[in-house]
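Residues per chain, in single letters:
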Amino acid sequence: MKYRRMTLGAITVALIPAAALMAQGSPRAAFMVEETGRGYSTLQQAINAIGSGRGTITISSGTYRQCGVQEAGVITYVASDYGMVEFAGTACEGKAALVLRGVGAEVRGLTFSGINVPDGNGAGIRLEKGALNVAYSRFLDSQQGILTANDPDGRIYITRSTFSGLGTCENSAGCAHSIYTGDYGQLTVRESRFERGRGGHYLKSRAGNVTIESNSFDDANGSGTNYMIDLPAGAVGSIADNWFVQGRDKENYSAFIAVGAEERLHSSDGLMVRDNEARFVPGLRRTSTFLADWTDSRIVMSGNRLAEGLTQYERR
């Protein structure tokens, strides 16, 4: 493109057409559907544009006080710069920043903070059906991080994410937790961090098959918390290579892991609990149980490194 030049005294400047100036300086839309190249000012507009199809919404850096409901399709929600996109303080349908009931969803690099609703179940993500992948995301200072309904054919995979300042037992709906999944077919949580709980459990799941591996459960600065891992309906799978620290301020310090404390919806025969490390916060001396079992199942435990005062297994 050729630009005309004009001289103003000793200064020569190029006269660039207005259309070219707009193209060079136009900001990227906050929510971009990558497959079409179209941008939107709200998350819900971008979700609606994908509809029952498959698409990726790339979100520009910033803090957004808005939320979205996915009714169909398969959608990936990804930050343009991981850790630089935050959904703060706004819940759709009185539930969550993201309410998901499509075929599937993936969340990468997003932060959810300050999600609180009247019934005490405000979450970063409310998964009502379908598959969910979460990676490199943060859930901060809300009532729950991730809350799901039941989907026995569904699958949830969470990796390299942080859950901090979550949970409460101060509402009529009962306790909220950092993660609380309903009866899903498969739950995987790997290489993630749980810390600074404010009530409830760090990870509670009614899934029939779980893989909980290489995570840290740091309760040192927790307040009024309960179990690190609660499998209230029983489960098979693996709890391995995790690091646990129990803090001082506990509502219930009687166990680190609980299996089948509420019902026996699933068999726990063959559940593998291996190569974990568990201790108390420095300077704290008390007795507790690493795994409390209400199912009388054949749980396989090996290679766990436990601090003084911890009993490996207790039948309840």
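These remarks concern the structure in this document. (Residues numbered from 1 in each chain as written. Predicted model: local features only at pLDDT ≥ 70, side-chain atom pairs only at ≥ 80, totals over all residues. Heavy atoms only, no water.)

**Considering the sheet that holds strand 26 (residues 236-240)**
Part 1 of the reasoning: On the basis of which strands lie adjacent, the open sheet formed by 12 strands has the order 4-3-5-8-11-14-17-20-23-26-29-32 and mixed pairing. Looking at which strands have only one partner, the edges of the open sheet turn out to be strand 4 (38-40) and strand 32 (300-302). Taken pair by pair, the neighbouring strands of this sheet meet at an average axis angle of 10°, ignoring direction.
Part 2 of the reasoning: Of the pairings in the sheet, the one linking strand 29 (residues 272-274) to strand 32 comprises 3 bridges and is parallel in character. By the bridge assignment for strand 32, Arg274 is matched with Ser302.
Part 3 of the reasoning: Here helix 2 (residues 43-50) sits on the sheet and contacts strand 3 (31-33), strand 4, strand 5 (54-59) and strand 8 (74-79); the angle it forms with strand 5, its principal contact strand, is near 160°. (Pairing = 2+ DSSP bridges. Helix = DSSP H or I, 4+ residues; strand = E, 2+ residues; numbered from the N terminus. Axes fitted to C-alpha atoms, helices over the stretch in contact; angles between N-to-C directions. Contact = heavy atoms within 4.5 Å.)

**Remarks on the packing of aromatic side chains**
The way to describe two aromatic rings as a pair is by their centre distance and the angle between their planes.
Part 1 of the reasoning: Counting across every chain of the model gives 13 aromatic pairs.
Part 2 of the reasoning: Geometrically, the ring pair formed by Phe139 and Phe163 is stacked, given 4.8 Å between the ring centres and 0° between the ring planes. Here the residue Phe139 occupies a position in strand 15 (residues 138-140), and Phe163 occupies one in strand 18 (residues 162-164), the gap between them amounting to 24 residues.
Part 3 of the reasoning: Note on Phe139: relative accessible area 1%, which makes it buried.
Part 4 of the reasoning: Accessibility expressed as a relative area gives 0% for Phe163, which makes it buried.
Part 5 of the reasoning: On the basis of an interplanar angle of 10° and a centroid distance of 4.9 Å, the ring pair of Phe163 and Phe194 is categorised as stacked. On the criterion of sequence distance, the pair formed by Phe163 in strand 18 and Phe194 in strand 21 (residues 193-195) is long-range, its members being 31 residues apart. Accessibility classification places Phe163 together with Phe194 in one group, the buried group.
Part 6 of the reasoning: We note Arg286 situated over the ring of Tyr253; from NZ or CZ to the ring centre the distance is 4.2 Å. (Phe/Tyr/Trp six-rings, centres within 6.5 Å; stacked < 30°, edge-to-face > 60°. Buried < 20%, exposed > 50% of the residue type's maximum accessible area, 1.4 Å probe, protein only. Lys NZ or Arg CZ within 6 Å of the ring centre and 35° of its normal.)

**Points about the side chain of Ser164**
Part 1 of the reasoning: Along the chain, the position of Ser164 falls in strand 18.
Part 2 of the reasoning: You can call Ser164 buried: its relative accessible area is 4%.
Part 3 of the reasoning: In this structure the side chain of Ser164 is engaged in a polar contact, spanning 2.9 Å, whose partner is the side chain of Glu195.
Part 4 of the reasoning: Setting aside anything within four residues of it in sequence, one finds Ser164 in contact with Phe139, Leu140, Asp141, Glu195 and Arg196. (Polar contact = N/O pair within 3.5 Å; in protein donor to acceptor, adjacent residues only side chain to side chain.)

**Thoughts on helix 2**
Part 1 of the reasoning: When we look at burial in helix 2, the residues that qualify are Leu43, Ala46, Ile47 and Ile50. The buried side chains of helix 2 occupy one side of the element, clustering within an arc of 100° when seen end-on.
Part 2 of the reasoning: Just past helix 2, the residue Gly51 takes up positive phi, approximately 60°. (Arc of directions from axis to C-beta.)

**Here's the deal with the state of the cysteines**
Part 1 of the reasoning: If you walk through the whole model with that rule in mind, you get 2 disulfides.
Part 2 of the reasoning: Paired through a disulfide, Cys169 and Cys175 show a sulfur-sulfur distance of 2.0 Å. Taking the torsion about the sulfur-sulfur bond, which here is approximately 115°, the covalent link between Cys169 and Cys175 counts as right-handed.
Part 3 of the reasoning: Cys175 gets classed as partly exposed once you look at its relative accessible area, which sits at 31%.
Part 4 of the reasoning: When the cysteines engaged in disulfides are numbered in sequence order, the protein pairs them as 1-2, 3-4. (Disulfide = S-S within 2.5 Å.)

**Some thoughts on the pairing of strand 9 (residues 85-88)**
Part 1 of the reasoning: Taken together, the 3 bridges between strand 6 (residues 62-64) and strand 9 define a ladder with parallel strand orientation. Each bridged residue has a counterpart across the sheet, and for Thr63 the counterpart in strand 9 is Glu86.
Part 2 of the reasoning: Bridge analysis of strand 9 against strand 12 (residues 110-113) gives 4 bridges, and the strand direction is parallel. Across the sheet, the residue bridging to Ala88 is Ser113, located in strand 12.

**With respect to the nonpolar core**
Part 1 of the reasoning: One finds Ile57, Tyr77, Phe87, Ile125 and Leu132 to be the most contacted residues of the largest nonpolar core, which totals 65 residues.
Part 2 of the reasoning: Apart from the residues lying within four places of it in its own chain, the contact partners of Tyr77 are Leu43, Ile47, Ile57, Gln70, Leu98, Leu100, Ala105, Glu106, Val107, Arg108 and Leu110.
Part 3 of the reasoning: In terms of nonpolar packing, the next biggest core, distinct from the first, is built from 8 residues, Cys92, Ala96, Val99 and Tyr180 among them. (Core = buried A, V, L, I, M, F, W, Y, C linked by side-chain atoms within 4.5 Å.)

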